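Chain by chain, the residues:
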Amino acid sequence: MNTEIENLKRMLDEQRYIYDEELIITLFVALKLERPLLIEGAAGVGKTEVAKVMARALGRELVRLQCYEGMDETKALYEWNYQKQLLTIQVKMGTGEVETSELTGSLFGEEYLLERPLLRSIRSPEPVVLLIDEIDKADEEFEAFLLELLSEFQVTIPELGTIKSRTSPFVVLTSNSVRPLSDALKRRCAYLYIDYPTVEKEVRIIRARLPGIDTSLAVQVAEAVKYLRESDKVVKKPSIAETLDWISALTTLGIKSLDEKAAESTIGFVLKNYEDIEGILDDEGFRRTLN
Amino acid sequence: MTRVSEGLSIENLTVFSHLLRQQGLSVGISETMDATRVIELIGLEDKNAVRQALSAIYAKSKSQQRIFRETFDRYFVGEEIRRRQLDQKKKEREEQQKRLREAEEELQYNGKPLELNSETKEAYANLSRAEREQLMRYLEFSTDNKRRSPFNQRFMQKIIQQRLMLDDHYLPGSGSEEMQGEPEDLLEKNLSDITDEEVPHVIALINRLVRQLNGSISREYRRSGKSGRLDFRKTIHESLRTGGSFYRLRYKKRRRSKKRMLLLCDVSGSMLKFSQFAIQFIKSMSDVAESSETFLFSEDVKKVSRFVTGNMKAFEEHVKESGLWGKGTDIGGAIEKMTQLRPLPFNGSTVLIILSDTKTVNTKKAEDQIKNASARVKKIIWMNPIPESKWANMKSVTAFKPYCSMLDCSTLNNLARACARLSSGQL
């Protein structure tokens, strides 16, 4: 087996991160080709966690950009510190210390530049992990704006010129597929789809994240959660974090086995919609997964 | 031949890229170059690793990953497996030839061979011995009739084909060899290809998508507030707090107003299913419009009640009873009749949503009517079940597009996205 892949596995093992072969190979490809990694999958399958773990494993700073509808480059790239510029103008003009032309020239310098996550990741002297979270929530215009950054690792600021990346950030983009991403963006990325974990993998995650948990309870919870994720009656599918919350709640209450009574009293930790809870508690199939 | 590694060449990868392109994946030179580099990095010892690494480069969605894996497994097989597959295919071909010869010998009437097409012969050859004997008995029974004389070849062929179809064996076009995909595949399946058996799954998916869409729209973050124009009045007012300095700039925010919506649904024959699906989406989404009316059209136009559009079965029954179903499509006539209604069903604040594939009689009249309507309503949104890739070849699309926002709604996913845009005020 390739030693570099083995090293990557070792680094993730050190972070107590549960992975599969698919994830490791894709991470390796993205790192080696210096391609951004686009991760798609349902909400709560651990897409963001990949970036966090990689930052810890590679010993790099994690720079996060949370996308949302209407986001523009002033929130993603940079912004001039308008208030500081205004104060400077008022103070300096008041004292008559400087010429107007000299003053206006100095107003667009480093001192007045507010770095946002994208610029910060490019100008960082040390390589960082850049997480562009939920890119599908941003507008298509913003996606187009990202293309220059992702292909060349450089951005252009009219007042300062083109800024090239000093180091290569490892870029992770996540998407819940709320809207399709452009082919141009996808072509620049290595791609990974993360599905909900199998029962066996989820038990391993539970045991890694909550050491000391009774294995039989972990298996019961993982099987019940699998049923919830596959059920048509549940719209908001439980995430891995919610599985962990559920099992923590059960343990805190001193419950050793997941029976109907235990499930009814703690179901709110794993299902967050009233319709979902109502539908599933009456579901015969769900009851059968319980003791 | 440039070798990347033992047993694999750039030429091989190029052919593989070409195969993927044929399967509908968007593969360019850069992907092939990346694949070459990846193979150099990870070697070829571990087939699963190679498959996953190439998948990360070539496949850019879950469905593409599945296509990629199937293509990969067919293309990159080991020498031994390939030889075995070839041997197996050769053996199967020989057996099939033998069965066909036997079938031709059996398919005779009065010592003359029946003139059947090769597909029918093949279907007959694939039957078991008992089934073939049963079929021949049926054939003799059906033709043992003096009134049928002289012997009619076409009649005989028809009997065999009908009998084979009755027995549910494959005949071209019967659809029995269609592969059953995962329910999730329905999201990307062309809506016109959805079968009656798949309709319940589609309804469940629509309900799920609608609930997800409603949830995601209500969860949307507030806009940054800087994408609009500067609000001078508020900025000046705010500056009074800082001695007249424009310390805080205020921006105008885009207002989202609820729309008055008018749905015009094509229910002529093949369009009925699409209109049913689209109406379920539009009507189920909360927060879309403060008021809405629905009209159905084919050659005529009729208004339907809110109750009917809320239930797919009731809607279908209503359409079939209305006399509109199964007729031709006259978009121009439908819009013209709507403009003659009193009170007028639309005004300057109405968003007119047309659910139709644009195919109509008298395209010129339709174009004139759409142009006329576009000046009288706020906006026309056209939800088209025909994929955008085919629009360039459609004269009607070219004619109507300048007067409306036309959206590709050929799949459930596209339909959901169109409704999300409608609901979030992006249209």
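Residues numbered from 1 in each chain as written. Chains lettered and ligands numbered in written order. Predicted model: local features only at pLDDT ≥ 70, side-chain atom pairs only at ≥ 80, totals over all residues.

A. The arrangement of the overall build of chain B in detail. Check the secondary structure of chain B and you find 17 helices and ten strands. Here chain B holds 427 residues, and the buried ones make up 29% of them. The contacts in chain B between residues at least 6 apart in sequence include a share of 68% that link residues at least 24 apart. (Helix = DSSP H or I, 4+ residues; strand = E, 2+ residues; numbered from the N terminus. Buried ≥ 20, exposed ≤ 12 C-beta atoms within 10 Å, placed from the backbone. Contact = placed C-beta atoms within 7 Å.)

B. View of the overall build of chain A. Of the regular secondary structure elements, chain A holds 15 helices and nine strands. Put simply, chain A has 291 residues, and 32% of those count as buried. Of the contacts made within chain A by residues no fewer than 6 positions apart, 77% connect residues no fewer than 24 positions apart.

C. Seen up close, unusual backbone geometry. Cis geometry is found at the peptide bond from B:Arg342 to B:Pro343, where omega equals 0 degrees. Mapped onto the elements of the fold, B:Pro343 is located in the loop between α14 (331-340) and β8 (350-355). A positive phi is found at A:Glu134, a non-glycine position, where the angle reads about 55 degrees. Its place among the elements puts A:Glu134 in the loop between β5 (128-133) and α8 (140-152). Of note, B:Asn362 is a non-glycine position whose phi angle comes to about 50 degrees, a positive value. A tally of 13 C-beta atoms within 10 Å means that B:Asn362 is categorised as partly exposed.

D. Structural detail: the nonpolar core. Counting 70 residues, the largest nonpolar core has A:Val29, A:Leu37, A:Met54, A:Val129, A:Val172 and B:Ala53 as its most contacted members. Here the element with the most residues in this core is helix α3 (residues 47-58) of chain B; it accounts for seven residues. Discounting chain neighbours no more than four positions away, the residues touching A:Val172 are A:Leu37, A:Ile39, A:Val50, A:Ala51, A:Met54, A:Val129 and A:Leu131. Of all hydrophobic cores here, the second largest spans 56 residues; its members include B:Val202, B:Ile370, B:Leu415 and B:Leu422. (Core = buried A, V, L, I, M, F, W, Y, C linked by C-beta atoms within 7 Å.)

E. Focus on the interface of chain A and chain B. Listed by partner, the interface residues are 31 residues for chain A and 34 residues for chain B. Elements that contribute at least two residues to the side of chain A that touches chain B include exactly α2 (21-33), α4 (73-76), α5 (82-95), α9 (183-187) and β9 (190-194) of chain A. When the residues that make up the side of chain A that touches chain B are grouped by side-chain class, the tally is 14 nonpolar, six polar and eleven charged. (Nonpolar A, V, L, I, M, F, W, Y, C, P; charged D, E, K, R; others polar.)

F. Looking closely at the sheet that holds strand β2 (residues 61-66) of chain A. All names here are of chain A. Pairing within the open sheet is parallel, and its five strands lie in the order β2-β5-β8-β1-β9. One side of each edge strand has no neighbouring strand; the edge strands of this open sheet are β2 and β9. Between one strand and the next, the sheet's axes are offset by a mean angle of 20 degrees, whatever the strand orientation. In this fold α2 packs onto β1 (37-41), β8 (170-175) and β9, with an angle of close to 160 degrees to the strand it touches most, β9. (Pairing = 2+ DSSP bridges. Axes fitted to C-alpha atoms, helices over the stretch in contact; angles between N-to-C directions.)

G. Representation of the confidence of the model for chain A in the model. Looking at chain A, pLDDT values average 89 and 99% of them are 70 or higher. The least confident element of chain A, judged by mean pLDDT, is helix α6 (residues 100-106) of chain A at 76; the most confident is β2(A) at 96. (pLDDT = per-residue confidence, 0-100.)

H. Broad picture of the packing of helix α10 (residues 199-209) of chain A against helix α12 (residues 240-252) of chain A. Residues and elements named next belong to chain A. Interhelical geometry of α10 versus α12 gives an angle of 60 degrees and a closest axis separation of 11 Å. The pairing of α10 with α12 is recorded here as oblique in orientation. For the pair α10 and α12, the crossing hand works out as right-handed. Facing Glu202, Ile205, Ile206 and Arg209 of α10, the residues of α12 in contact are Ile240, Thr243, Leu244 and Ile247. Classifying every residue of the contact of α10 with α12 by side-chain character gives five nonpolar, one polar and two charged. (Parallel < 35°, antiparallel > 145°, perpendicular 65-115°, else oblique. Left-handed = near helix turned anticlockwise from the far one by under 90°.)

I. Just the environment of B:Glu238, in detail. Residue and element names in this part refer to chain B. Relative to the elements of secondary structure, glutamate 238 occurs in helix α10 (residues 232-239). Glutamate 238 sits in the partly exposed class, given 16 other C-beta atoms within 10 Å. As a C-alpha pair, glutamate 238 and leucine 249 span eleven residues in sequence and 8.0 Å in three-dimensional space. Not counting residues within four places of it along the chain, the set of residues in contact with glutamate 238 comprises Arg248 and Arg250.

J. Spatial organisation of the confidence of the model for chain B. Residues and elements named next belong to chain B. Taken over all residues, the pLDDT of chain B has a mean of 76, while the share at 70 or more is 74%. Counting interchain partners and residues more than four positions distant, the pLDDT-below-50 stretch residues 146-151 has four contacts. The complex prediction reports pTM at 0.64, with the ipTM value standing at 0.85.

K. Structural detail: helix α4 (residues 62-75) of chain B. Residues and elements named next belong to chain B. The end-to-end C-alpha distance of α4 is 20 Å, a good match for the 20 Å that 14 residues give at a rise of 1.5 Å each. Looking at α4, one finds that the buried residues are Gln64, Gln65, Phe68 and Phe72. End-on, the buried residues of α4 take up no more than an arc of 100 degrees, which puts them together on one face. Among the exposed residues of α4, those oriented more than 90 degrees off its buried face are Glu70, Asp73 and Arg74. (Expected span 1.5 Å × (residues − 1). Arc of directions from axis to C-beta.)

L. Geometry of the pairing of strand β9 (residues 379-384) of chain B. All names here are of chain B. Within β9, five of the six residues are buried, which leaves it mostly tucked inside the rest of the structure. As judged from the five bridges shared by β8 and β9, these two strands associate in the parallel manner. Across the sheet, isoleucine 353 pairs through a bridge with isoleucine 381, a residue of β9. Taken together, β8, helix α15 (residues 363-376) and β9 constitute a β-α-β crossover, and its handedness is right-handed. In this structure, β9 lies alongside strand β10 (residues 405-408), joined through four bridges in parallel fashion. The residue bridging tryptophan 382 from the neighbouring strand is methionine 406, located in β10. (Right-handed = clockwise from strand over helix to strand, strands pointing away.)

M. Geometry of helix α3 (residues 47-58) of chain A. Residues and elements named next belong to chain A. With twelve residues, α3 should reach 16 Å at 1.5 Å per residue; the first-to-last C-alpha distance of 17 Å fits that figure. Among all positions of α3, only Lys47, Val50, Ala51, Val53, Met54 and Ala55 are buried. Within two residues after α3, glycine 59 carries a phi angle of roughly 70 degrees, on the positive side.

N. Fine view of the packing of α10(A) against helix α11 (residues 215-230) of chain A. Residues and elements named next belong to chain A. It is at 9 Å that the axes of α10 and α11 come closest, and there the two elements cross at 130 degrees. Between α10 and α11, the interaxial angle falls into the category oblique. Where α10 crosses over α11, the handedness of that crossing is right-handed. Across the interface between the two elements, Val199, Glu202, Val203, Ile206 and Arg207 from α10 touch Ala218, Val219, Ala222, Glu223, Val225 and Lys226 from α11.

O. Fine view of the pairing of strand β6 (residues 154-157) of chain A. Residue and element names in this part refer to chain A. Relative to strand β7 (residues 161-164), β6 runs antiparallel, the two being bridged by four bridges. Looking at β7, one finds that glutamine 154 is bridged to lysine 164. Here β6 folds back onto β7 in antiparallel fashion, the turn holding three residues.

P. Looking closely at the environment of B:Leu25. Residue and element names in this part refer to chain B. Counting through the fold element by element, leucine 25 comes out in the loop between α1 (10-22) and α2 (29-42). What makes leucine 25 partly exposed here is the crowd of 19 C-beta atoms within 10 Å. In sequence terms leucine 25 and isoleucine 67 are 42 residues apart; their C-alpha atoms lie 8.5 Å from each other.

Q. Structural detail: the environment of A:Tyr112. Residues and elements named next belong to chain A. Along the chain, the position of tyrosine 112 falls in the loop between α6 and β4 (113-115). Taking the C-alpha atoms as reference points, tyrosine 112 and glutamine 83, 29 residues apart in sequence, are found 9.3 Å from one another. Contact partners of tyrosine 112, with chain neighbours within four places excluded, come to Trp80, Asn81, Lys84, Gln85 and Leu107.

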